[in-house]
Amino acid sequence: MPTVKVALGACSYAVIIESGVLGQAGAHVTPLLKRPWVPVVTDTNVAKLHLPALQAALDAAGIRHDVLVLDAGEGSKSWTGLAQLTEWLVERGIERSDHVIALGGGVIGDLVGFAAGIVKRGCAFVQIPTTLLAQVDSSVGGKTAINIAAGKNMVGAFHQPALVLADPAVLTTLPRRDLAAGYAEVVKYGLIDDTDFFAWCEAHGAALLAGEAAAREYAITHSIAAKARIVAADEREMQDVRALLNLGHTFGHALEAATGFSDKLLHGEAVAAGMALAFAFSAEVGLCPVEDAARITAHLRSVTLPHDLASARVEDSGPALAAHMAHDKKARGGTVPLILARGIGQSFVSTDYGLDRVAAFLDGQLLA
Ligand SMILES: NC(=O)c1ccc[n+]([C@@H]2O[C@H](COP(=O)([O-])OP(=O)(O)OC[C@H]3O[C@@H](n4cnc5c(N)ncnc54)[C@H](O)[C@@H]3O)[C@@H](O)[C@H]2O)c1
Ligand SMILES: [Zn+2]
């Protein structure tokens, strides 16, 4: 059973990656519980597809459960969703030693994690991620948040789960588009510091997306191991280490903002185009070989992910896109830290380039 440990002292936890682990959830959760009861939170799509298997697993282990089904979609990651969830947990009689189960994608995981962090001043939670994005990224690391009018993920907290159960088999019901968006975050780990893993993606990415179970399990395990190492080194992003996970995200965020954070461009799709732009920018300023940037573009294109402004269907001007970057949580007086690279697997945090330089680059990309 592939298990990755996230080493955070007293807050350490295991991530179990195994096909069929959803059906064993009761057995895995039992040792954590002080009493045989859990609240389960999921969304309308996942409730139809995978809630019965979780309920059967909890029943088999003699764990009583209450279920809250929220609307699917980013709208639930809101003040309204948080109010509904925390009120429900308190009504159900949640205690600090209880464990809330988050069954769903990054939306449910982020919302439940935040609610668990604040209800009764903090209770425990278990992540059962059901999207590729959540299995390789959002379920691990303890970043939790909701969106507010001023921006995405603007209110939140660090709160680590007690256990993560990632079942690659649940991905068979995930739409191809969501799968590909999650795959962008897989590619990201190769581009950050693991050239061999990027080569593995070039060789096996198409098979992973087509449904090959072994490729999915390998990619999830490898990605989580990479994220666990980074989180253990820099849990709260106080140094540059955890910031590397933002590769492609500053450019990507501008694209998401330009498309109104809508279904026009999913987060992972924006990250894919954002990573290609980060490497194209690195090549333009002479940091990175042009061939490396081209290799990334070719791979993203081959799996039908956006890989430039045109394929992301963004037509905003360079200055307009750079203006979105200025609203980044990490922006300071005309610059924003960018994750750039000296080549594939050689990324680093740079504060050497102002937003006006980035705007000029993006204008050039529009004409390309
Ligand atoms: N906390 C972090 O570190 C972190 C990292 C990256 C992203 N995020 C957040 O994650 C969110 C995006 O996550 P997401 O892409 O998982 O979105 P999501 O949770 O909205 O899931 C995408 C869609 O897939 C459906 N779905 C989920 N599992 C399914 C399954 N197995 N079969 C069929 N349909 C299924 C959902 O109902 C939803 O419609 C964003 O809010 C983003 O900010 C957080
Ligand atoms: Zn991301």
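Just above, that's the structure.
Computed from a prediction, not measured in an experiment: that's the story for all the values here. (Residues numbered from 1 in each chain as written. Chains lettered and ligands numbered in written order. Predicted model: local features only at pLDDT ≥ 70, side-chain atom pairs only at ≥ 80, totals over all residues. Heavy atoms only, no water.)

Undergrad: Could you give an account of the pairing of strand S10 (residues 338-341), naming the residues involved and the relevant values?
TA: Alternating residues of S10 divide into Leu338 and Leu340 and Ile339 and Ala341, and every residue in both groups is buried. Looking at chain direction, S10 and strand S11 (residues 347-350) are connected through four bridges and run antiparallel. Note that in S11 the partner of Ile339 across the bridge is Val349. Hairpin geometry of S10 and S11 is characterised by an intervening segment of five residues between the two adjacent antiparallel strands and by a positive phi of about 85 degrees at Gly345. (Buried < 20%, exposed > 50% of the residue type's maximum accessible area, 1.4 Å probe, protein only. Helix = DSSP H or I, 4+ residues; strand = E, 2+ residues; numbered from the N terminus. Pairing = 2+ DSSP bridges.)

Undergrad: Requested: an account of the site of ligand 1, with residues and values cited.
TA: Around ligand 1, a shell composed of 25 residues is seen, among which Asp43, Glu74, Thr130, Thr131 and Thr173 lie nearest. At a separation of 2.7 Å, a nitrogen atom of ligand 1 approaches a polar side-chain atom of Thr130. Out of a free accessible area of 870 Å², ligand 1 has 87% covered by protein chains. The leading source of residues in the shell around ligand 1 is helix H2 (residues 44-60), at four residues. Its residues placed into classes, the shell around ligand 1 shows seven nonpolar, nine polar and nine charged. (Near = heavy atom within 4 Å. Polar contact = N/O pair within 3.5 Å; in protein donor to acceptor, adjacent residues only side chain to side chain. Areas by Shrake-Rupley, 256 points an atom, 1.4 Å probe, with all protein chains shown as cover. Nonpolar A, V, L, I, M, F, W, Y, C, P; charged D, E, K, R; others polar.)

Undergrad: Help me get a handle on the coordination of the zinc ion (ligand 2), residues and values and all.
TA: The coordination sphere of the zinc ion (ligand 2) contains the protein donors Glu185 (OE), His249 (NE2) and His267 (NE2), at a distance range of 2.0 to 2.1 Å. Counting gaps between the donor residues of the zinc ion (ligand 2) yields the pattern E-x63-H-x17-H. Of this pair, Glu185 sits in helix H6 (residues 176-193) while His249 is found in helix H10 (residues 249-258), placing the two residues 64 residues apart along the sequence. The burial state of Glu185 is the same as that of His249; both residues are buried. (Donors = N, O, S within 2.8 Å, 3.2 Å for Na, K, Ca; no water.)

Keep in mind that these numbers describe shape and distance, not what the molecule does.
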